[in-house]
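For reference, the chains in residue letters:
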Amino acid sequence: MLTSCIVRSLGVLNYPRKAKKQAPKSEHFAVAIVECEGKSPQLLLRRRPDTGLLAGLWEFPCTEVQPSWSESRMWLELQMYLKLPTDVGCKNLGTVSHQFSHRLHHYHTWLVAMDNHLEPHPSLGPVRWVSHQELPGTAIPAA
């Protein structure tokens, strides 16, 4: 009897408790869906880095932004990142959110209509233009 009291007082019957999950890290991105209009409209894609989340897949060009920024500030940041002409036309398509297991991404998207193919800045890394018909067969993440 004394032994079982000592064992209980030492906490041997206290099993490990499940740790509380941390809230996913929230990240915001400004995304440009750049479309070169013409007889055969094409969209600009860039390849993600070979390491990290969604490594090696293609995506629409984007840059990380601060959640406190206004939509116009986000657009300006995206415009500078892509080195777009200041007079380029754009349409704000709104925000789309995607929950990963450990991250929550918010994509603030703009449609950018160009008359000619944009000559992407080398800092974007590997890029390519794809037609609307080619897009479904391209390795693009669902997020």
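What you see as residue numbers is a count from 1 along each chain, following the sequence as written. Local features are withheld for residues below a pLDDT of 70 in this predicted model, meaning they are given only at 70 or higher, and side-chain atom pairs are given and counted only at 80 or more; totals for whole chains, interfaces and linings count all residues. Note: side-chain values were computed over all heavy atoms of the structure, leaving out hydrogens and water.

1. A look at the environment of His 108
Turning to its location among the elements, His 108 is positioned in strand β6 (residues 103-114). Along the primary structure His 108 and Val 65 are separated by 43 residues, whereas in three dimensions their C-alpha atoms are 9.2 Å apart. Whether two residues are in contact is decided by their heavy atoms: any pair within 4.5 Å suffices. Leaving out residues up to four positions away in the same chain, His 108 has contacts with His 28, Phe 29, Ala 30, Val 31, Val 65, Glu 71, Met 74, Gly 94 and Thr 95. A polar side-chain atom of His 108 sits 3.0 Å from a polar atom in the side chain of His 28. Under this definition, polar contacts are N or O atom pairs within 3.5 Å; protein pairs additionally need one hydrogen-donor-capable and one acceptor-capable atom, and for neighbouring residues in sequence, both atoms have to be side-chain atoms. Of note is the side chain of His 108, whose polar atom sits 3.5 Å from the side chain of Glu 71. Note on conventions: DSSP H or I runs of at least 4 residues are helices, E runs of at least 2 residues are strands, and numbering of each starts at the N terminus.

2. Quick look at the confidence of the model for the protein
Per-residue pLDDT for the protein averages 83, and the proportion of residues at 70 or more is 87%. The least confident element of the protein is helix α1 (residues 2-9), whose mean pLDDT is 59; the most confident is strand β4 (residues 62-65), at 94. As a per-residue measure, pLDDT reflects the predictor's confidence and takes values from 0 up to 100.

3. Regarding the pattern of salt bridges
What counts as a salt bridge is simple: a side-chain nitrogen of Lys or Arg found within 4 Å of a carboxyl oxygen of Asp or Glu. In the structure shown here, the tally under the stated rule is 4 salt bridges. Among the salt bridges present, the one from Glu 27 reaches Lys 25, with a minimum N-O distance of 3.5 Å. The buried category is assigned to Glu 27, whose relative accessible area is 7%. A salt bridge links Glu 59 to Arg 48; the shortest N-O distance between them is 2.9 Å. Of this pair, Glu 59 sits in strand β3 (residues 58-59) while Arg 48 sits in the loop between β2 (42-47) and β3, and the two are 11 residues apart along the sequence. Burial classes follow relative accessibility: with a 1.4 Å probe on protein chains only, a residue under 20% of its type's maximum area counts as buried, one over 50% as exposed, and anything between as partly exposed. Overall, the relative accessible area of 18% leaves Arg 48 in the buried class. By sharing partners, the salt bridges in this structure join Arg 46, Arg 48 and Glu 59 into a single network.

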